Amino acid sequence: MEAPLEKALEVMIGTFHKYSGKDGNKYKLSKAEMRELLLREMPAFVPGKIDEPGFEYMMKKLDSNKDEELDFQEYSVFLAIAASLCNEFFQECADESNRKR
């Protein structure tokens, strides 16, 4: 049986490869592939529609080698940022609920 963190890593890697390579390089996510990944795999973050200026800004910031695609390392940075934002959100919710008591 896999430990939960091992399973989470497997899902993150599998998700990358599920979308990478549809438009070319199987080891990178094109903008279209990343857009599809966000819409299908993170619907709570992207409720049906992507803010295009925000998406372009995010891609530009994540694309450290400026090839207009995300390799696995750049995708990993995205996951780390998303996890950090979720953690901050839940901490704020917990702090807020503690203040109401």
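What you see is a predicted model; the values in this text were computed from it and never measured.

Draft legend 1. Fine view of the nonpolar core. Counting 17 residues, the largest nonpolar core has Leu29, Met34, Leu38 and Phe78 as its most contacted members. Going through the elements one at a time, helix H1 (4-19), helix H2 (31-41), helix H3 (52-62) and helix H4 (72-100) are the ones with two or more residues in this core. Here the element with the most residues in this core is H4; it accounts for four residues. Apart from residues lying up to four places away in sequence, Met34 is in contact with Leu29, Phe55, Met58, Met59, Leu70 and Phe78.

Draft legend 2. Structural context of a nonpolar patch on the surface. On the surface, Leu5, Leu9, Ile13 and Phe72 cluster together into a nonpolar patch covering about 360 Å² of accessible area. Checked against the element boundaries, Phe72 lands in helix H4. Look at Phe72 and you get partly exposed, because its relative accessible area is 32%.

Draft legend 3. Just the packing of aromatic side chains, in detail. Under the defined criterion, the tally for this structure stands at three aromatic pairs. Ring geometry for Phe16 against Phe72: centres 5.1 Å apart, planes inclined by 90°, an arrangement best described as edge-to-face. Of this pair, Phe16 sits in helix H1 while Phe72 sits in helix H4, and the two are 56 residues apart along the sequence. Between the aromatic rings of Phe72 and Tyr75, the centroid separation amounts to 5.6 Å while the plane-to-plane angle is 50°, which identifies the pairing as tilted. Taken as a pair, Phe72 and Tyr75 lie in helix H4 at a separation of three residues, close to a single helical turn. Feature note: the residues Phe16, Phe72 and Tyr75 constitute an aromatic cluster, connected by ring pairs.

Draft legend 4. Layout of unusual backbone geometry. One non-glycine residue, Lys66, lies in positive phi territory at about 60°. Tracing the chain through its elements places Lys66 in the loop between H3 and strand E2 (70-71). Although it is not a glycine, Glu68 sits at a positive phi angle of roughly 65°. By the element assignment, Glu68 lies in the loop between H3 and E2.

Criteria and thresholds
Residues numbered from 1 in each chain as written. Predicted model: local features only at pLDDT ≥ 70, side-chain atom pairs only at ≥ 80, totals over all residues. Heavy atoms only, no water. Core = buried A, V, L, I, M, F, W, Y, C linked by side-chain atoms within 4.5 Å. Buried < 20%, exposed > 50% of the residue type's maximum accessible area, 1.4 Å probe, protein only. Helix = DSSP H or I, 4+ residues; strand = E, 2+ residues; numbered from the N terminus. Contact = heavy atoms within 4.5 Å. Patch = residues over 30% accessible without salt bridge, like charges linked within 9 Å, V, L, I, M, F, W, Y side chains within 5 Å. Areas by Shrake-Rupley, 256 points an atom, 1.4 Å probe, with all protein chains shown as cover. Salt bridge = Lys/Arg side-chain N within 4 Å of Asp/Glu carboxyl O. Phe/Tyr/Trp six-rings, centres within 6.5 Å; stacked < 30°, edge-to-face > 60°.

Any functional reading would require information that these geometric values do not contain.
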